[in-house]
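The primary structure of each chain is shown beneath.
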Amino acid sequence: VGGIIMCALALGMGYMFQGGMLAMGFAALVGFGFGFTMVFLMPIFTFERRKDEIEAHLPDVLEQLSTMSGMKNMDEIIRYLAETRLGAVSEEFAIGNHILRRNLNLNLALDRIRERSESKTVGRVLNLLNEGARRGVDVSDAAKKMAESMRNKHMILRERSASLSLQRYTLLTAAAIL
């Protein structure tokens, strides 16, 4: 729909400014491409950016959770994370907290958080926290270990990305020389 509207707008502008058929066709193509990008690709980019934001803040959330000793109930954990101001992570847990306040199932709340984030990392963290809370274990130690593990993983991924960038630029330089 957006591509068609932008295409029609571009055709109208080409006709209004008395451009040739080639100019009007090019304007329509550019308008359609811009409309397609805005309608179909922007939501995907926005969702991926939010998912990356959640995963980036997750170690900080776990560090903060590790300072709260004595939390053995998953309801308390969700409520605590929903009330803290930790960006997109708190928004996701606020939705889970809302489900719990309506006296619905804890598993439904956890599933809703997993589904909305579509992140394997969030799913694993929720599973580990839920399992610890179900067994009655203080989750502060587990949260601290998970945060450390996630930070190590992020560091390895950054190093790998830097190494791949260096290799790519080396290959581009070698190709330019040849």
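Everything numeric in this text was worked out from a predicted model, so none of it was measured.

1. Focus on the nonpolar core
Counting 30 residues, the largest nonpolar core has Leu62, Met74, Ile77, Phe93, Val125, Leu126 and Leu129 as the members making the most contacts within it. Among the elements of the structure, helix H2 (21–66), helix H3 (74–83), helix H4 (88–101), helix H5 (106–117), helix H6 (120–134) and helix H7 (139–177) are those that each provide at least two residues to this core. Of all the elements, H3 adds the most residues to this core, at six residues. In contact with Leu62, other than residues within four places in its own chain, are Val125, Leu129, Ala143, Lys144, Met146, Ala147 and Met150.

2. Observations concerning a negative patch on the surface
A contiguous patch of negative charge, built from Glu48, Asp52, Glu115 and Glu118, is present on the exposed surface. Relative to the elements of secondary structure, Glu115 occurs in helix H5.

3. Observations concerning the pattern of salt bridges
Under the counting rule described, the total for this entry stands at seven salt bridges. Taking the shortest distance from any N to any O, the salt bridge between Glu92 and Arg50 comes out at 2.8 Å. With Glu92 in helix H4 and Arg50 in helix H2, this residue pair connects regions lying 42 residues apart in the sequence. Given a relative accessible area of 3%, Glu92 falls into the buried group. Taking the shortest distance from any N to any O, the salt bridge between Glu63 and Arg151 comes out at 3.4 Å. Residue Glu63 is found in helix H2, and its partner Arg151 is found in helix H7; the two are separated by 88 residues along the sequence. Of the residues examined, Glu63 reaches a relative accessible area of 28% and is grouped as partly exposed. Taking relative accessible area as the criterion, Arg151 reaches 34% and is therefore assigned partly exposed. Connected through salt bridges with shared partners, the residues Arg50, Glu91, Glu92 and Arg116 form a single ionic network.

4. Things to note about H6
An ideal rise of 1.5 Å per residue puts 21 Å on 15 residues; H6 measures up with 21 Å between its terminal C-alpha atoms. Among the residues making up H6, those that are buried are Thr121, Val122, Gly123, Val125, Leu126, Leu129, Asn130, Gly132 and Ala133. Capping of H6 at its N-terminal end is provided by Ser119; its side-chain oxygen lies 3.3 Å from the backbone amide nitrogen of Thr121. Gly136, located one to two residues past H6, shows a positive phi value of around 80°.

5. Details of a nonpolar patch on the surface
Together, Phe34, Met38, Val39, Phe40, Met42, Ile44 and Phe45 line one region of the surface with nonpolar side chains, adding up to about 660 Å² of accessible area. In this structure, Phe34 sits in helix H2.

6. Remarks on the environment of Met68
Position of Met68 relative to the elements: it lies in the loop between H2 and H3. Filtering out sequence-adjacent residues up to four positions away, Met68 remains in contact with Tyr80 and Ser140.

7. Structural notes on the confidence of the model for the protein
Considering every residue of the protein, the mean pLDDT works out to 79; 80% of them sit at 70 or more. When pLDDT is averaged over each element of the protein, H7 comes out on top at 87 and helix H1 (residues 2–16) at the bottom at 59.

8. Brief notes about the side chain of Asn130
Within the element layout of this structure, Asn130 appears in helix H6. Note on Asn130: relative accessible area 17%, which makes it buried. The residues touching Asn130, leaving out its near neighbours within four places in the chain, are Met74, Leu106, Asn107 and Leu110.

Cut-off values and rules
- Residues numbered from 1 in each chain as written.
- Predicted model: local features only at pLDDT ≥ 70, side-chain atom pairs only at ≥ 80, totals over all residues.
- Heavy atoms only, no water.
- Core = buried A, V, L, I, M, F, W, Y, C linked by side-chain atoms within 4.5 Å.
- Buried < 20%, exposed > 50% of the residue type's maximum accessible area, 1.4 Å probe, protein only.
- Helix = DSSP H or I, 4+ residues; strand = E, 2+ residues; numbered from the N terminus.
- Contact = heavy atoms within 4.5 Å.
- Patch = residues over 30% accessible without salt bridge, like charges linked within 9 Å, V, L, I, M, F, W, Y side chains within 5 Å.
- Areas by Shrake-Rupley, 256 points an atom, 1.4 Å probe, with all protein chains shown as cover.
- Salt bridge = Lys/Arg side-chain N within 4 Å of Asp/Glu carboxyl O.
- Lys, Arg positive; Asp, Glu negative; His and termini not counted.
- Charge placed at Lys NZ, Arg CZ, Asp CG, Glu CD.
- Expected span 1.5 Å × (residues − 1).
- Polar contact = N/O pair within 3.5 Å; in protein donor to acceptor, adjacent residues only side chain to side chain.
- pLDDT = per-residue confidence, 0-100.

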